[in-house]
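One letter stands for each residue in the lines below.
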Amino acid sequence: MSKVDLSVNIGSLKLRNPILLASGTVGYGNEISEFTDLNGLGAIITKSLSLKPRKGNPPQRIVETAAGMLNAIGLANVGVEVFLKEKIPFLKKFDVPLICNIAASTVEEYVECTKILTEEETIKAFEINVSCPNVREGGLQFGNDVSKVKEITQKVKEATDKPVIIKLSPNVSYISEFAKAVKEEGGDAVSAINTLVGTSFDIVTRKPKIFNVNGGLSGPAIKPVALAKVLEISRNVDIPVIGIGGIMNWKDVIEFMIAGASAIQLGTINFIDPSAAGKIIKELEEYCVKYNIDKITDLTASYKL
Amino acid sequence: LFITKAPVEKSIELDHNIYLLKIFCPEISHIIKPGQFLNIRVSESMYPLLRRPFSVCDAENDYFYLMFNIFGEGTRILSRKHKGDLIDILGPLGNGFNLNDNFDTAVIVAGGLGAAPFPYLTRSLDNEKKIYTFIGGRTHQDIIKYGMKNIHVSTDNGSEGFKGTIVQLLEKEFSSIESKKLKIFACGPNPMLSALKTFCIKNSVECEVSAECAMACGFGICQGCPIESTVHPETYYLVCKDGPIFNVKDIAI
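Bear in mind that the values here come from a model prediction, so they are computed numbers and not experimental data.

A.B. asks: A description of the interface of chain A and chain B should follow, citing residues and the corresponding values.
C.D. replies: Contact residues are listed per partner, giving 34 residues for chain A and 30 residues for chain B. Note on chain A versus chain B: buried area summed over both sides is about 2,500 Å², and carbon and sulfur give 67% of it. Looking only at chain A, the three residues that lose the most surface to chain B are Lys55, Glu64 and Ile272 of chain A, adding up to 27% of its buried area. Taken together, the connections running from chain A to chain B amount to three salt bridges.

Okay, here's the thing in structure tokens:
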């Protein structure tokens, strides 16, 4: 039995610890399970699913930047049907809450996906991606529009009894207005932040390095931005925040929790060290013991401004 | 498939900015196959952030070798590693060349640093198989002969060997290769692979190529390394997981 209570709640979702693996950085769980004990995690969030399979963007999809990376995968995924048939059986073998991330081009598609997936008992909650910067329809078009975020939250909530988390875009002036809209429509939590829009050029060919021209910036380069967004939401809206953006180690986790996060997601680090989650959970516990923190929830929004 | 830290045994500057790193790592050297790759983290700092994929150049007993040129910050750091420095390795990754099918002659076609996977392939072929190695580059400085046998060279500027592309040289010498059943193994820039594909289809020759693409993870979770498939056009192959070795007919290049 652990000396420290690492458990956290996200709405009605009870997690054994605050370490989640971010959508798009764990696939459907099978590859990363070779490096990390999935059963020890707070939750895993699967790659964005759309109603139909999506091929994704042509290469080049990834470019490294200073302390970060740009990606424009274009929501390549197997679609809801194949996910249920071929990916869920593997995930069922683990005792880890499964959160399904949904991406869509229309409000109706979000609802349709949710209705189908909510029937699957292995899925414990939904994360709605209204903020993918790499697809033409949906994505940021929704994430930049408070009324659309409101509408999507309301309709998805109607389609399921399970907790609904809205993944917010940082590419807005006041992220707290979006969090407020989610709260008003009954959303259970927000994830902040998705990637920042960025680009990169080849100085010889003068062409963008990424086929899609723009990509989403992630990694330690965006951590200060993410922290400021989490803090902004925490100070203005009473809703659980799942912090995400450039978290590389346990110290980053603590920092996000102090800034207002109830839980966090590991993203880019999974590409570099797919065994990082297990280490971070252990180190988090050691920190709590050292500083006499009985419950990790005591850290959330414990900032002294 | 695992992550490990292994010590550098020796760093060798082969020639013209080309480096060979000898690494003591029995857990990898004994299982890795020609054509597979390793994803290397060159430093623990945040820059460079991502791992760098390298084909295994050779493996013998408890050691494996990486071959690279200084291309950017990551390879610059790697070139400065000394005996005893620990290298953070994820691997072995990818599928590797298929050396078990029925052929009596291996024809290796390498462009520039595309030579990297072939010392190990050359060593791994059994002695009864004949080997012809075609190595091309822009100039003589790009020609890497380390660990290769029966070498035929071409350069774009004619500074060494045949003046022209390596596929042109292969076309010219192809009829003189005596073989009942030959198989081509290739690695190099896309224009070379593209010309080679045309050649192989025209001459009905089996050919496996090692493809290249920018990637982050190396084992399938980032989805960063798509390559167009001619077999399943509705989806991409991932270079890291479905490759990096492909039958040349199966990919659009």
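A.B. asks: Outline the packing of aromatic side chains, supporting the account with residue identities and numerical values.
C.D. replies: This structure, assessed with the given rule, holds 14 aromatic pairs over all chains. Their ring planes at 50 degrees and their centres at 5.7 Å tell us that Tyr28 of chain A and Phe83 of chain A sit as a pair that is tilted. Of this pair, Tyr28 of chain A sits in the loop between strand 3 (19-21) and strand 4 (43-49) while Phe83 of chain A sits in helix 1 (residues 79-92), placing them 55 residues apart in sequence. Between Phe97 of chain B and Phe185 of chain B the ring centres are 5.5 Å apart and the planes differ by 85 degrees, which places this aromatic pair in the edge-to-face class. Of this pair, Phe97 of chain B sits in the loop between strand 6 (86-93) and strand 7 (105-111) while Phe185 of chain B sits in strand 11 (residues 182-187); the two residues are 88 residues apart in sequence, bridging distant segments of the chain. You can call Phe185 of chain B buried: its relative accessible area is 0%. Site record: aromatic cluster; members linked through ring pairs are Phe97, Phe103, Phe118 and Phe185 of chain B. It is Lys55 of chain A that lies over the ring of Tyr236 of chain B; its NZ or CZ is 4.6 Å from the centre. Between Lys22 of chain B and the ring centre of Tyr63 of chain B, over which it is positioned, the NZ or CZ distance is 4.4 Å.

A.B. asks: Which residues make up the packing of helix 2 (residues 107-118) of chain A against helix 4 (residues 146-159) of chain A, and what are the values?
C.D. replies: Residues and elements named next belong to chain A. Contact geometry of helix 2 with helix 4 gives a least axis separation of 9 Å together with a crossing angle of 25 degrees. Of the possible angle classes, the one that applies to helix 2 and helix 4 is roughly parallel. The handedness of the crossing between helix 2 and helix 4 comes out as right-handed. Along its contact with helix 2, which presents Val107, Tyr110, Val111, Thr114, Lys115 and Thr118, the element helix 4 presents Lys148, Glu151, Ile152, Lys155, Val156 and Ala159. Among the residues forming the contact of helix 2 with helix 4, the class breakdown is six nonpolar, two polar and four charged.

A.B. asks: Talk me through the environment of Lys304 of chain A; I want residue IDs and the actual numbers.
C.D. replies: All names here are of chain A. Along the polypeptide, Lys304 turns up in the segment after helix 9 (276-290). Here Lys304 falls in the exposed class, since its relative accessible area comes to 81%. Distance from Lys304 to Ile258, taken between C-alpha atoms, is 8.9 Å for residues 46 residues apart in sequence.

A.B. asks: Report on empty space enclosed by the protein, specifying residues and quantitative values.
C.D. replies: Residue and element names in this part refer to chain A. If you walk through the whole model with that rule in mind, you get one cavity of 30 Å³ or more. The wall of the largest cavity is formed by 33 residues, among which Ser23, Asn71, Lys167, Asn194 and Thr195 lie closest to the centre. Going through the elements one at a time, strand 4, strand 6 (68-71) and helix 8 (269-272) are the ones with two or more residues in the lining of the largest cavity. When grouped by side-chain class, the residues that make up the lining of the largest cavity number 14 nonpolar, 17 polar and two charged.

A.B. asks: How would you summarise the pattern of salt bridges if you had to cite specific residues and measurements?
C.D. replies: Residue and element names in this part refer to chain B. Counted under the stated rule, the structure contains 28 salt bridges over all chains. When the shortest N-O distance is used, the salt bridge between Arg123 and Glu60 registers 3.3 Å. Of this pair, Arg123 sits in helix 3 (residues 118-124) while Glu60 sits in strand 4 (residues 52-60); the two residues are 63 residues apart in sequence, bridging distant segments of the chain. Arg123 sits in the partly exposed class, given a relative accessible area of 41%. Here Glu160 and Lys145 are joined by a salt bridge, their closest N and O atoms 2.7 Å apart. Linking Glu160 in the loop between strand 9 (151-155) and strand 10 (162-163) with Lys145 in the loop between strand 8 (130-137) and strand 9, this pair joins segments that are 15 residues apart in sequence. With relative accessibility at 39%, the residue Lys145 sits in the partly exposed group.

A.B. asks: Could you give an account of the confidence of the model for chain B, with specific residues and numbers?
C.D. replies: Confidence in the prediction for chain B averages 96 pLDDT; 100% of positions are at 70 or higher. Here the predicted complex scores 0.96 on pTM and 0.95 on ipTM.

A.B. asks: Could you give an account of the layout of surface pockets, with specific residues and numbers?
C.D. replies: Empty space within the second largest pocket amounts to approximately 660 Å³. Val78 of chain A together with Gln223, Thr235, Tyr236 and Leu238 of chain B are, among the 26 residues lining the second largest pocket, the residues nearest its centre. At the level of elements, helix 1 of chain A together with strand 14 (236-238) of chain B are the ones that each hand at least two residues to the lining of the second largest pocket. Looking at the lining of the second largest pocket residue by residue, the class counts come to nine nonpolar, seven polar and ten charged.

A.B. asks: Give a description of the pairing of strand 9 of chain B that names residues and reports values.
C.D. replies: All names here are of chain B. Within strand 9, four of the five residues are buried, which leaves it mostly tucked inside the rest of the structure. In the sheet, strand 8 pairs with strand 9 via five bridges, with the strands oriented parallel. Bridge pairing links Ile135 to Val153 in strand 9. Direction of pairing for strand 9 relative to strand 10: parallel, over a ladder of two bridges. If you follow Ser154 over to strand 10, its bridge partner there is Phe162.

Here is what the cut-offs are and how they apply
- Residues numbered from 1 in each chain as written.
- Chains lettered and ligands numbered in written order.
- Predicted model: local features only at pLDDT ≥ 70, side-chain atom pairs only at ≥ 80, totals over all residues.
- Heavy atoms only, no water.
- Contact = heavy atoms within 4.5 Å.
- Buried area = accessible area lost by both parts, 1.4 Å probe.
- Salt bridge = Lys/Arg side-chain N within 4 Å of Asp/Glu carboxyl O.
- Phe/Tyr/Trp six-rings, centres within 6.5 Å; stacked < 30°, edge-to-face > 60°.
- Helix = DSSP H or I, 4+ residues; strand = E, 2+ residues; numbered from the N terminus.
- Buried < 20%, exposed > 50% of the residue type's maximum accessible area, 1.4 Å probe, protein only.
- Lys NZ or Arg CZ within 6 Å of the ring centre and 35° of its normal.
- Axes fitted to C-alpha atoms, helices over the stretch in contact; angles between N-to-C directions.
- Parallel < 35°, antiparallel > 145°, perpendicular 65-115°, else oblique.
- Left-handed = near helix turned anticlockwise from the far one by under 90°.
- Nonpolar A, V, L, I, M, F, W, Y, C, P; charged D, E, K, R; others polar.
- 1 Å grid on protein atoms, 1.4 Å probe; cavity = no way out; pocket = protein on both sides within 12 Å on 5 of 7 lines; lining within 4 Å.
- Points joined across faces, edges and corners; volume = space filled by probe spheres on them.
- pLDDT = per-residue confidence, 0-100.
- Pairing = 2+ DSSP bridges.

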